[in-house]
Structures are given as C-alpha cells and as structure tokens.
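This is what each chain is made of:
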Amino acid sequence: MNRRNPALEHYGAPDLLSRITTALGRMGKTPETATQDDLAAIDEFHIRGPAATAELIEILSPDASMHVLDAGSGLGGPARRLATTKDCRVTGIDLTAEYCAAGNELNRWFGLDKQIELQQGDVTDLEGFDDASFDAAWTFHVGMNIADKTAFYGEVARVVKPGGRFLLYDVLDGGKGAVHYPQPWARKAEDSHLSTLVDLTAELTAAGFAVISTKDHSDGALVFFETALERAAQASEPPPLGLHILLGPVVKQMLLNARLNLVEERLKVASLLCQRSA
C-alpha cells in the first residue's frame, strides 16, 4: 500500500506549465517577452515574494564561483533571481515533479538552463549528492512541510562544505496557541510541522550548523498579507497569475488565516543564517 504524502497532495499541479502560459497570454505576454517579475506572483511562492528574495540573496551573498543548493526549490523563482543577481550555479531539489518540470522550462525561457537545474527529489534524503558537494544552501518555507527535521538539516549539513553557509527563511510556531488552518503550506494541522525558534535553533545545532544571525520578519509578513487581501477585495476577479493556479480558490481563506495567525502571534516568520561546522 502506498503511504499518503500530504505535501504531494497539497502542491500537486497537473498541466502547470500550460496554465502558466495561458495566464501569461491573458497578460499580453509570451515566453519570449515574459520577465521574472511577470512570474513572481506564482514562482516566488513565499511571504513577501521578490522583496524577501532580494534581501535574502544579500544575506547569503554567494559569489560567481559558488554552487548553491536550493532545498525545496518549487518553481525556481528564487533560484533564478539568485543566479541572475550573483551569477552563481544553483541546483534545486523539490518533491513535486510538476514544479521541477515547469521550472526547468522557465529556466530555458530566461536562458538560465545551463546555470540552474531543478531535480525531483526528497530533501531528507539527498542520496544523489556526495558529501561537501555545495558551497552554500538555502531553503524558503520548506520546514513546515517536513516532519523529520533531523533528516532534513542533517542531509543539508552533509552536502554543504565545511564553513559553508545555510540560510533558512521559514514560518515558525509563534507559541500563542493553535494555528488556524488552512494555510498556504497545509490544509489541516496534522499535515503541518512547525518548529518554534528555540526548537529550530536546537535542530540546526544538532545537525552541525552554528546559527550566526536571526531576523524576525513577522511585521513585514503581516503587511504583505494585509496588502494582498486589500488588493483581492478591490479586484472583480483573480489576476491571471497567482497562487490560485497552484492551490485553487481556497487561497483567499489561507490568506485570511495567515493574517489572523500573525496578528494573534500564533505564527512568526524568521530567517536564520547558519554556518556549517568545520
């Protein structure tokens, strides 16, 4: 019997590339004329989108000689911005095959297919990569979907070179009570695996990382959701490209719940910059 995989059920998106192309057509765009910003509403599937990515690129700050692991890369929007901004090489790993296939085609649209490769795989078992394969790594909004944090962070530590940096940008348990669901990463509580900041720091330390710095992004996250809800209330219909293409009409309730959870401090949003022990 096949075991149920909540993450695949939640993120599965058949005909994703076709739907993206159709939506771009409604925007008056083609694969030849589309920009990374045109796709940001769907391929920067994390809180604060491109604005957060730009900040996090500067925090990780790789140079052009580096090979970076994007653990849980989704459609590859952050990887493309990272490669474009820092001219580094990026390998993305994501559980959802549809995301990898569509993302690799988007890489070709932007001429980045020699610089970025998205592979279908499990970030808790990076068996295809040797020890110390990567100069650095990052992960955006992935830990909430992974129950086995020991395996996840342990595998990242194994494949990152000693002294290499690992940047996490995640949604955390705020410690102020049960989270309201559905959320953009899970429709119900049993499919969500949030850590508190204290627990996350301990998990990373146990895996072999030293936490260099921590930043709370919760206030900016709240503004992000409030702005998104205001924009949705003013619109007569959803935009051509948006999270509804990935998650369906439940997105509105997810946004409402995300805002409420942040107001009530049931959730926090934080980034942690870590360094692999030598």
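The structure presented is a predicted model; accordingly, all values stated were derived computationally and were not measured. (Residues numbered from 1 in each chain as written. Predicted model: local features only at pLDDT ≥ 70, side-chain atom pairs only at ≥ 80, totals over all residues. Heavy atoms only, no water.)

Focus: the overall build of the chain
The cut-off we apply is this: Helix and strand definitions here come from DSSP, where helices need a minimum of 4 consecutive H or I residues and strands a minimum of 2 consecutive E residues; each element is numbered from the N-terminal end. In this setup the radius of gyration rests on C-alpha atoms only. A globule is expected at 2.2 Å times the number of residues raised to 0.38. Per-residue accessibility, obtained with a 1.4 Å probe over protein chains only, is compared with the maximum for each type, and a residue is labelled buried under 20%, exposed over 50%, and partly exposed between these values. We call two residues in contact when some of their heavy atoms are within 4.5 Å. Note that accessible areas follow from Shrake-Rupley with a 1.4 Å probe, and for residues the cover is restricted to the protein chains shown. The convention is simple: Lys and Arg are positive, Asp and Glu are negative, and His and the chain ends are not counted. Every charge is mapped to an atom, namely NZ of Lys, CZ of Arg, CG of Asp or CD of Glu.
Each helix and strand counted, the chain has eleven helices and seven strands in total. Computed over C-alpha atoms, the radius of gyration of the chain comes to 18 Å, within 12% of the 19 Å expected from 2.2 N^0.38 for 278 residues, which places it in the range of a compact globule. Overall, the chain is about 55 × 45 × 45 Å in size when its C-alpha atoms are taken along their principal axes. Classification of the 278 residues of the chain by burial places 49% in the buried group. By sequence separation, contacts in the chain at least 24 residues apart represent 80% of the contacts at least 6 residues apart. By element, 51% of the accessible surface of the chain is carried by carbon and sulfur atoms, the whole surface being about 12,500 Å². Separation between the mean location of the 26 positive side-chain charges and that of the 38 negative ones in the chain comes to 3 Å.

Remarks on helix H5 (residues 77-86)
Within H5, eight of the ten residues are buried, which leaves it mostly tucked inside the rest of the structure. Taken residue by residue, H5 has Gly77, Pro78, Ala79, Arg80, Arg81, Leu82, Ala83 and Lys86 as its buried positions. Immediately beyond the C-terminal end of H5, within one or two residues, lies Asp87, with a positive phi of roughly 60°.

A short note on unusual backbone geometry
Following Tyr181, the chain continues to Pro182 via a peptide bond in cis, the omega torsion being 10°. Inspection of the secondary structure assignment puts Pro182 in the loop between strand E5 (160-173) and helix H8 (197-207). Positioned with a positive phi, Ala132 is a non-glycine residue whose angle comes to about 55°.

Here's the deal with the packing of helix H2 (residues 16-26) against helix H3 (residues 36-43)
Any two packed helices are characterised by how steeply their axes cross, that is the angle between the axes, and by the distance between the axes. The criterion, for reference: Here an axis means a line fitted to C-alpha atoms, over the contact stretch when the element is a helix, while the angle between two N-to-C directions is reported on a 0 to 180 degree scale. Orientation categories follow fixed angle ranges, with anything under 35 degrees roughly parallel, anything over 145 roughly antiparallel, 65 to 115 roughly perpendicular, and all other angles oblique. Left-handed describes a crossing whose near helix is turned anticlockwise from the far helix by less than a right angle; the clockwise case is right-handed. Residues are grouped as follows: nonpolar covers Ala, Val, Leu, Ile, Met, Phe, Trp, Tyr, Cys and Pro; charged covers Asp, Glu, Lys and Arg; every other residue, Gly included, is treated as polar.
It is at 12 Å that the axes of H2 and H3 come closest, and there the two elements cross at 130°. The orientation of H2 relative to H3 falls into the category oblique. Between H2 and H3 lies a crossing whose hand is right-handed. Contacts between H2 and H3 involve Leu16, Ile20 and Leu24 from the first element and Asp38, Leu39 and Ile42 from the second. In terms of residue class, the contact of H2 with H3 is built from five nonpolar, no polar and one charged.

As for the nonpolar core
The line we're drawing: The term nonpolar core refers to a set of buried residues drawn from Ala, Val, Leu, Ile, Met, Phe, Trp, Tyr and Cys, joined through side-chain atoms within 4.5 Å.
Counting residues in hydrophobic clusters, the biggest one holds 54 residues, and the most contacted among them are Leu16, Ile20, Ile42, Trp138 and Leu241. Sequence-distant contacts of Leu241, defined by excluding residues within four places in its chain, comprise Ile20, Ala23, Leu24, Met27, Asp38, Leu39, Ala41 and Ile42. Phe134, Val156, Ala157 and Val159 belong to the second largest nonpolar core, which has 25 residues in total.

Quick look at the state of the cysteines
This is how it is decided: Any pair of cysteine sulfurs within 2.5 Å is marked as a disulfide.
What the rule picks out here adds up to zero disulfides. Cys100 carries a free sulfur, and the closest cysteine sulfur to it, the one in Cys88, is 18 Å from it. Its relative accessible area of 3% is what places Cys100 among the buried residues. As a non-bridged cysteine, Cys274 has Cys88 as the owner of its nearest cysteine sulfur, 18 Å distant.

Examining the pairing of E5
The condition is simple: At least two DSSP bridges between two strands are needed for those strands to be called paired. Seen with its strands pointing away from the viewer, a crossover is right-handed when the path leading from the first strand over the helix to the second is clockwise.
In the sheet, strand E4 (residues 134-140) pairs with E5 via six bridges, with the strands oriented parallel. Each bridged residue has a counterpart across the sheet, and for Phe134 the counterpart in E5 is Val160. Tracing the backbone out of E4, into helix H7 (residues 149-159) and back to the parallel element E5 gives a crossover that is right-handed. By the bridge criterion, nine bridges tie E5 to strand E7 (residues 267-276) in an arrangement that is antiparallel. Looking at the pairing, Arg165 lines up with Gln275 of E7.

Details of helix H4 (residues 49-60)
For clarity, the cut-off: Take the number of residues in a helix, subtract one, and multiply by 1.5 Å to get its expected span. The directions considered for the arc are those from the helix axis to the C-beta atoms.
Helix length check: H4 (twelve residues) gives 17 Å between terminal C-alpha atoms against 16 Å at 1.5 Å per residue, within 8%. Listed as buried for H4 are Gly49, Ala52, Thr53, Leu56, Ile57 and Leu60. The buried residues of H4 all sit within an arc of 140° when viewed along its axis, so they share a single face. Against strand E1 (67-71), H5, E4, E5, helix H9 (218-234) and E7 lie the buried residues of H4. Positioned one or two residues after H4, Ser61 has a phi angle of 50°, which is positive.

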